[in-house]
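Chains, contacts and geometry: an overview
Here is how the chains run, residue by residue.
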Amino acid sequence: MGIATCYPCAKYLLLVLNLFFWLSGLALIFLGIYFLLLPEVQYIIQLFNFTNLPLSSIEIAVCFIILFGIIIFLIGLFGYCGAKRESRTCLILYIVLITCILLFELALFIYIALYYDQGQLLVKQRLVSQMKKYNHMYPSQYEKAIDYIQSKYHCCGIDSAYDYSDSHVPSSCCSMTSTVSCTVHHVGLTGTPGCFSRLTRTTFFWGKFIILLELGLCALSLIGVFLAICVCQNTMLYDEYIQTPYYI
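Here's a quick rundown of the structure.

Procedures and definitions
- Residues numbered from 1 in each chain as written.
- Predicted model: local features only at pLDDT ≥ 70, side-chain atom pairs only at ≥ 80, totals over all residues.
- Heavy atoms only, no water.
- Disulfide = S-S within 2.5 Å.
- Helix = DSSP H or I, 4+ residues; strand = E, 2+ residues; numbered from the N terminus.
- Phe/Tyr/Trp six-rings, centres within 6.5 Å; stacked < 30°, edge-to-face > 60°.
- Buried < 20%, exposed > 50% of the residue type's maximum accessible area, 1.4 Å probe, protein only.
- Lys NZ or Arg CZ within 6 Å of the ring centre and 35° of its normal.
- 1 Å grid on protein atoms, 1.4 Å probe; cavity = no way out; pocket = protein on both sides within 12 Å on 5 of 7 lines; lining within 4 Å.
- Points joined across faces, edges and corners; volume = space filled by probe spheres on them.
- Nonpolar A, V, L, I, M, F, W, Y, C, P; charged D, E, K, R; others polar.
- Core = buried A, V, L, I, M, F, W, Y, C linked by side-chain atoms within 4.5 Å.
- Contact = heavy atoms within 4.5 Å.

With that settled, consider the state of the cysteines. Under the definition given, this model contains one disulfide. Here Cys-155 engages in a disulfide with Cys-195; their sulfurs sit 2.0 Å apart. Measuring handedness by torsion sign, the sulfur bridge of Cys-155 and Cys-195 sits at about 95° and is right-handed. Taken together, the residues span a long stretch of sequence, with Cys-155 in the loop between α5 (141-153) and α6 (184-189) and Cys-195 in helix α7 (residues 195-238) at a distance of 40 residues.

A few words now on the packing of aromatic side chains. Applying the stated rule across the entire model yields two aromatic pairs. On the numbers, 5.3 Å between centres and 35° between planes, the contact of Trp-22 with Tyr-80 is tilted. You can see Trp-22 sitting in helix α1 (residues 2-37) and its partner Tyr-80 sitting in helix α3 (residues 57-85), a full 58 residues away along the chain. The exposure class assigned to Trp-22 is partly exposed, which follows from its relative accessible area of 23%. An aromatic cluster of three or more residues is present, and its members are Trp-22, Phe-73 and Tyr-80. Lying over the aromatic face of Tyr-153, Lys-152 brings its terminal NZ or CZ to 6.0 Å of the ring centre.

A few words on empty space enclosed by the protein. Following the criterion strictly, the structure yields one cavity of 30 Å³ or more and no others. The calculated volume of the largest cavity comes to roughly 40 Å³. In this structure, the largest cavity is lined by Leu-47, Met-131, Ile-146, Ile-149, Gln-150, Gly-157, Ile-158, Cys-195 and Leu-199. Residue assignment for the lining of the largest cavity shows that the elements contributing at least two residues are α5 and α7. Looking at the lining of the largest cavity, the element that brings in the most residues is α5, giving three residues. Classifying every residue of the lining of the largest cavity by side-chain character gives seven nonpolar, two polar and no charged.

Let us look at the nonpolar core. In this structure, Leu-14, Phe-21, Tyr-94 and Ile-98 are the most contacted members of the largest nonpolar core, which totals 33 residues. For this core, the secondary structure elements donating two or more residues are α1, α2 (39-47), α3, α4 (88-131) and α7. Once residues within four sequence positions are removed from consideration, Ile-98 is found in contact with Phe-21, Ile-75, Ser-221 and Val-225. Grouped together as the second largest cluster of nonpolar side chains are 24 residues, Leu-47, Val-128, Met-131 and Cys-195 included.

In structure tokens form, the structure reads like this:
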């Protein structure tokens, strides 16, 4: 009686929920592509390219966002088809995939919470060590990325202009000064801040947005699992997979 009562409501709620999953998956895919095409993100990618891999750490993170969007889109497809056609195979696959995604996200959130400060310190140390190798004579893509960030955010160095190994700093550090000679001393007197705090602020904003979106999807996924179980039990009851209770 209880299953039969909740079935119509659960079925249509599951259809609406999976339509939302479709839209969320597409939004994550387009958001990841939009990040990769932004000129500012391209410069930040060059700045945070610490590995010898073809892709930098930021590009790998954006690819994970796109991949997650594709997975959410496919999960929505399985859930919609399962609810529409009352297919046990699609519904069971939907429940298994949702459960795996929830477990993966839980493990990822725990890992980030445990190692966030350590990872931030490691990134900062790598940026400072690379800053000391700035090539004034023959600038590469890395030097152009530094100049872009320093000009856009009106900052110099990672913590300060003293991160540069010599007394001369790039001309992008002197965008806020009127001196002809661009030296560490002149930039230090103007109180120009380091770029790490500015980059962290921007990264934190987008990171908080993505985390809130992921938490919202997790909450909706839990609701989707319960609705899918209700619909799946009803189809099994209809096909006599579950023996109906006999009332005298």
